[in-house]
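Descriptive structure summary
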Amino acid sequence: MAEFVREVMTPGVVAVRPDASLVEAAQLMRAQDIGDVLVAAEGQVIGVLTDRDITLRAVADGADPLTVSAQAVCTPNPVVIGPDDAVSAAVELMRGHAIRRLPVMEDGHPVGMVSLGDLALSQDPESALADISRADPDTWPGTTPT
């Protein structure tokens, strides 16, 4: 069983500018087969934008995703964790803040993401969530699988 966040995180991050449209962010999420992007300016993480944020904070209210910025609907000042922190600390942060993803920061820079699925794969590989996390992504018409 993994002990440190660096052992379970997905290395690397995907980020958008604060003024990127929600359409840009969603297209990037689709292309990368991910459910979130960091919102960053000049090397500083200012928020996390998830597919759920786009849906519930913009589309559900009838906002035009072409004109709404990533910064307008992202979760600002995200809870973060370090790569050398214990996996148990990630679990507690997620549980305590009711979040599914944590940016992993080292020396003020994002180096990865740890998700609920990552933790399930590491901590309970036989769980339903681990099975779902291992599954190949759905393919939408007009797209190719990654």
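Above this note sits the structure.
Residues numbered from 1 in each chain as written. Predicted model: local features only at pLDDT ≥ 70, side-chain atom pairs only at ≥ 80, totals over all residues. Heavy atoms only, no water.

**As for the overall build of the protein**
Test applied: Per the convention used, a helix needs a DSSP run of H or I reaching at least four residues, while a strand needs a run of E reaching at least two, with both numbered from the N terminus. For each residue, the accessible area found with a 1.4 Å probe, counting protein chains only, is set against the maximum for its type, and the residue is called buried under 20%, exposed over 50%, and partly exposed in between. Residues are treated as being in contact if the distance between any of their heavy atoms lies within 4.5 Å. Surface exposure here means Shrake-Rupley accessible area, sampled with a 1.4 Å probe, where a residue is shielded only by the protein chains that are shown.
Helix and strand content of the protein: 6 helices and 7 strands. The secondary structure elements of the protein, listed N-terminal to C-terminal, are β-β-α-β-β-α-α-β-α-β-β-α-α. Residues counted as buried form 34% of the 146 residues belonging to the protein. Summarising the internal contacts of the protein: among those between residues at least 6 apart in sequence, 53% fall at separations of at least 24. On the protein, roughly 8,600 Å² of surface is accessible, and the fraction owed to carbon and sulfur atoms is 52%.

**Some points on the side chain of Ser21**
Considering the arrangement of structural elements, one finds Ser21 in the loop between strand 2 (15–16) and helix 1 (22–32). You can call Ser21 buried: its relative accessible area is 8%.

**A short note on the sheet that holds strand 5 (residues 75–76)**
To keep things clear, this is the line we draw: In this description, strands pair whenever DSSP reports at least two bridges between them.
Reading across the sheet, the 4 strands line up as 2-3-4-5 and stay open at both edges, with mixed pairing between neighbours. Edge positions in the sheet fall to strand 2 and strand 5, since each of these pairs with one other strand and no more. When strand 3 (residues 36–41) meets strand 4 (residues 44–50), the two strands line up antiparallel, connected through 6 bridges. Along strand 4, the bridge assignment pairs Val37 with Leu49.

**Considering the environment of His109**
By the element assignment, His109 lies in strand 7 (residues 109–115). Judged by relative accessible area, His109 falls into the partly exposed class, the value being 47%. Along the chain, His109 and Gly43 lie 66 residues apart, while their C-alpha atoms are 7.2 Å from each other.

**Here we look at the pattern of salt bridges**
For clarity, the cut-off: Any Lys or Arg side-chain nitrogen located within 4 Å of an Asp or Glu carboxyl oxygen qualifies as a salt bridge.
As enumerated under the stated definition, the model contains 7 salt bridges in all. Note that Asp36 is salt-bridged to Arg101, the shortest N-O span being 2.9 Å. Of the two residues, Asp36 is situated in strand 3 and Arg101 in strand 6 (residues 101–106); the sequence distance between them amounts to 65 residues. Among the residues examined, Asp36 registers a relative accessible area of 11% and is labelled buried. Owing to a relative accessible area of 26%, Arg101 belongs among the partly exposed residues under this scheme. Here Arg95 makes a salt bridge to Glu92, at a shortest N to O gap of 2.9 Å.

**Some thoughts on the nonpolar core**
The condition that has to hold: Nine residue types can take part in a nonpolar core, namely buried Ala, Val, Leu, Ile, Met, Phe, Trp, Tyr and Cys, and a core is a set of them joined through side-chain atoms within 4.5 Å.
Core analysis: the biggest nonpolar cluster contains 14 residues, and Val16, Leu22, Val37, Val39, Leu49 and Val73 have the highest contact counts within it. If you list the elements that add at least two residues to this core, you get helix 1, strand 3 and helix 3 (70–73). Sorting elements by how many residues they give to this core places helix 1 first, with 3 residues. Contacts of Leu22, omitting those with residues within four sequence positions, involve Leu49, Ile54, Ala58, Pro65, Val68, Ser69, Ala70 and Val73.

**Quick word on helix 1**
Our working rule: Each C-beta atom gives one direction from the helix axis, and the arc is the one those directions make.
Where helix 1 is concerned, the buried positions are Leu22, Ala25 and Met29. Considered in projection along helix 1, the buried side chains sweep an arc of 65 degrees and stay on one side of the axis. Every exposed residue of helix 1 that faces more than 90 degrees away from the buried side is listed here: Arg30 and Ala31. Contacts from the buried residues of helix 1 go to strand 2, strand 3, strand 4, helix 2 (51–57) and helix 3.

**Thoughts on the sheet that holds strand 1 (residues 10–11)**
Reading across the sheet, the 3 strands line up as 1-7-6 and stay open at both edges, with antiparallel pairing between neighbours. Single-partner strands in this sheet number two, and they are strand 1 and strand 6. As judged from the 6 bridges shared by strand 6 and strand 7, these two strands associate in the antiparallel manner. Residue pairing across strands places Val104 opposite Gly112, the latter belonging to strand 7.

By themselves, these observations are geometric and do not establish any function.
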